[in-house]
Amino acid sequence: MHVRLTSGLLAATLLLAQAALGGDDSWSTRGPAMGCVKRVASSTARPELLFAHLGEAGLFMSQDTGHSWQFCVAPAWFPGLASSSSGWDLADVVVSPHLGNPVYYATRYILFSSWDDGATWQSTSYPSLDFVPVVLLVDRALPGALVMGNYSALMVTVSLDGGLSWKAASAGLPKRSALDLEWDANGDTLFLGSIDGVFRRPWPPGGKGDWLW
């Protein structure tokens, strides 16, 4: 049996489908209006919680799924670091899926972390100026494990204690800059995007093996 939809019935069907999807399928924005948004992160524990990195303007937070925004932290306010040329555009923000759901905000020179959904922040300096974060990943299975891709010859660094200490993980890589990082579906292989192509290596850290083409 074939059903033929008239133009009126088709229009009604489309309206019902649109209502089922929330009534509106167009993009809208309510800020933040402080600059160009470079990174966005959400929380699996609190779906209404969002974080947005706005370059030199710092980090902003929404507790109502983006309807309103409030300022969190501006790394450029720290003494001796305030400069539009200091590379504040190179940063990333992630929310850990592990107990407490800590938020990590990796900026030039400083890693910020919050254990109370962005209400208060702690800061930790990196061990060298070669830490220029482009992308930050949280290990999905190992609490406290972070992987940072750097826009420098250091390329990849790993922390197993929530950013308190770091070690290089760039063996086998050319002396270039990291552009992106991602896990495979199982979380046991790490992929790196660079100007020289895509590299891969076994995960977790401590295992044998350099980066491979």
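Refer to the structure presented above.
Fair warning: this is a prediction, and the values are worked out from it, not measured in the lab.

Basis of the calculations
Residues numbered from 1 in each chain as written. Predicted model: local features only at pLDDT ≥ 70, side-chain atom pairs only at ≥ 80, totals over all residues. Heavy atoms only, no water. Helix = DSSP H or I, 4+ residues; strand = E, 2+ residues; numbered from the N terminus. Buried < 20%, exposed > 50% of the residue type's maximum accessible area, 1.4 Å probe, protein only. Contact = heavy atoms within 4.5 Å.

A. Broad picture of unusual backbone geometry. Although it is not a glycine, Thr-65 adopts a positive phi angle of roughly 60 degrees. One can find Thr-65 in the loop between β3 (59–62) and β4 (70–73). Within the chain, Asn-101 stands out as a residue other than glycine whose phi angle is a positive 45 degrees. Position of Asn-101 relative to the elements: it lies in the loop between β5 (92–95) and β6 (103–106). Here Asn-101 falls in the buried class, since its relative accessible area comes to 15%.

B. Fine view of the side chain of Ser-113. If you trace the backbone, Ser-113 turns up in strand β7 (residues 110–114). On the accessibility criterion, Ser-113 (11% relative accessible area) is buried. Once residues lying within four places of it in the same chain are set aside, the contact partners of Ser-113 are Val-103, Tyr-104, Thr-120, Trp-121 and Gln-122.

C. Focus on the environment of Arg-108. By secondary structure assignment, the location of Arg-108 is in the loop between β6 and β7. Judged by its relative accessible area of 19%, Arg-108 is buried. Taking the C-alpha atoms as reference points, Arg-108 and Leu-90, 18 residues apart in sequence, are found 6.8 Å from one another.

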